[in-house]
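Summary of structural features
Here is what each chain is made of, one letter per residue.
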Amino acid sequence: MPRTPTPAGPLGADGSARARPGGARRRREPADRRRELLDAAARHADEHGLDALTPAAVAARSGASKALVFHYFASTAGLRRAVALEAVAELEAATVAPDDRPLVERPALAVASYLDAVEARRLVWQDLWRGVLAEDDATQEALARVRDSLVARLTSTVSATTTDALPTTPRLRLLAAGWVALVENVTAAWLGGGDLSRADIESLVLASAVVLVPELPEPARGAVLAIARANSPAAG
């Protein structure tokens, strides 16, 4: 989803708004100062990737001092983590299908929203999938949650009861992890310049869920199988 930056002027070295001609300098609340810096960091990452994001780049972009960026984010890794966690939160929120849509439509809606979110921040997601912040526990925990959510939304949301959690087994968890890795690799390759259309990718992701079918209980098994078949080349 497109980002809406917080409107604000350049920051002074102490984080206050720089004085405009004829006016006094206005101090910002710490949360506002951090938000402005994070918005600048997100824009830089969206344009150049997470791997190119540094406190110096954010300072130059926002008009703040590098010391102020370190004050709020502690390190380059901390700055990149903050941007990554927001991207993950945006992705997780985007894949929640509206409650008023029929159950059978929700997996396709979740996949479409997933692709919307990663397209909007493609360089950030390509870097995350490439392993930037692979050693950062907070980022990896957030990614694990959103991966689990994607599996749940493709399976339990098509079952007859939406309030019951999908039963999991070691076999299903392993298959689900493999399926998510497949989806991420396919999406990353497509974002990097694949030949398939957006519609083709949506169908491919939905069809690939067939690998989960052997370990799913009913009614999720039948529903996911029907979705996979509907999106396979033979169905076209």
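Right, let's walk through the structure included here.

The rules behind these values
Residues numbered from 1 in each chain as written. Predicted model: local features only at pLDDT ≥ 70, side-chain atom pairs only at ≥ 80, totals over all residues. Heavy atoms only, no water. Helix = DSSP H or I, 4+ residues; strand = E, 2+ residues; numbered from the N terminus. Buried < 20%, exposed > 50% of the residue type's maximum accessible area, 1.4 Å probe, protein only. Contact = heavy atoms within 4.5 Å. Areas by Shrake-Rupley, 256 points an atom, 1.4 Å probe, with all protein chains shown as cover. Salt bridge = Lys/Arg side-chain N within 4 Å of Asp/Glu carboxyl O. Axes fitted to C-alpha atoms, helices over the stretch in contact; angles between N-to-C directions. Parallel < 35°, antiparallel > 145°, perpendicular 65-115°, else oblique. Left-handed = near helix turned anticlockwise from the far one by under 90°. Nonpolar A, V, L, I, M, F, W, Y, C, P; charged D, E, K, R; others polar. Lys, Arg positive; Asp, Glu negative; His and termini not counted. Polar contact = N/O pair within 3.5 Å; in protein donor to acceptor, adjacent residues only side chain to side chain.

1. Thoughts on the overall build of the chain
When helices and strands are tallied, the chain shows ten helices and zero strands. Each helix and strand of the chain, ordered N terminal to C terminal, gives the series α-α-α-α-α-α-α-α-α-α. Here the chain holds 236 residues, and 43% of them are scored as buried. Taking the intrachain contacts of the chain between residues at least 6 apart in sequence as the baseline, contacts between residues at least 24 apart amount to 67%. Accessible surface computed for the chain: about 11800 Å², of which carbon and sulfur atoms make up 56%.

2. A look at helix α6 (residues 122-130)
In an α-helix, one turn spans 3.6 residues; hence positions three or four apart end up facing the same way. For α6, every residue scored as buried is listed here: Val124, Trp125, Asp127, Leu128 and Trp129. Looking one or two residues past α6, Gly131 carries a phi angle of roughly 115 degrees, positive in sign.

3. Thoughts on helix α2 (residues 55-62)
Taken as a whole, α2 has its buried residues at Pro55, Ala57, Val58, Ala59 and Ser62. Positive phi appears at Gly63, one or two residues downstream of α2, with a value of about 80 degrees.

4. What to know about the pattern of salt bridges
When the charged atoms of two side chains with opposite charge come close together, those side chains can pair. In this structure the tally under the stated criterion is 15 salt bridges. Note that Arg121 and Glu90 form a salt bridge whose closest N and O atoms lie 3.3 Å from each other. Here the residue Arg121 occupies a position in the loop between α5 (106-120) and α6, and Glu90 occupies one in helix α4 (residues 76-94), the gap between them amounting to 31 residues. Using a relative accessible area of 2% as the deciding quantity, one classes Arg121 as buried. Here Arg198 ties to Asp116 by a salt bridge, and the two come within 2.9 Å at their closest N and O atoms. Taken as a pair, Arg198 in helix α9 (residues 198-208) and Asp116 in helix α5 lie far apart in primary sequence, 82 residues in all.

5. Quick look at unusual backbone geometry
Phi angles above zero are rare outside glycine, and Ala74 is one such case at about 75 degrees. Here Ala74 shows up in the loop between α3 (66-73) and α4. A positive phi angle is found at Leu133, which is not glycine, with a value near 70 degrees. Examined against the element boundaries, Leu133 turns out to sit in the loop between α6 and α7 (137-155).

6. What to know about the environment of Pro55
With respect to the element layout, Pro55 can be found in helix α2. Classification of Pro55 as buried rests on a relative accessible area of 4%. As for Pro55 and Arg80, which are separated by 25 residues in sequence, their C-alpha atoms are 9.4 Å apart. Those residues in contact with Pro55 that lie beyond four places of it in its chain are Lys66, Val69, Phe70, Thr76 and Leu79.

7. Comments concerning the side chain of Arg80
Inspection of the secondary structure assignment puts Arg80 in helix α4. On the basis of relative accessibility, which here comes to 15%, the residue Arg80 falls in the buried class. The residues touching Arg80, leaving out its near neighbours within four places in the chain, are Leu50, Asp51, Ala52, Leu53, Thr54 and Leu133.

8. Observations regarding the packing of α2 against α3
α3 packs onto α2 with a crossing angle of 120 degrees between their chain directions and a minimal axis gap of 8 Å. By the angle between their axes, α2 is oblique relative to α3. Once α2 is placed against α3, the crossing between them reads as right-handed. Across from Pro55, Ala56, Val58 and Ala59 in α2, the residues of α3 making contact are Lys66, Val69 and Phe70. The residue makeup of the contact of α2 with α3, split by class, is six nonpolar, no polar and one charged.

9. Concerning the side chain of Arg33
Within the fold, Arg33 resides in helix α1 (residues 30-48). Summary of buried charges: Arg33 has no salt-bridge partner, and the nearest side chain of opposite charge, Glu29, is 6.6 Å away. In this structure the side chain of Arg33 is engaged in a polar contact, spanning 2.8 Å, whose partner is the side chain of Tyr72.

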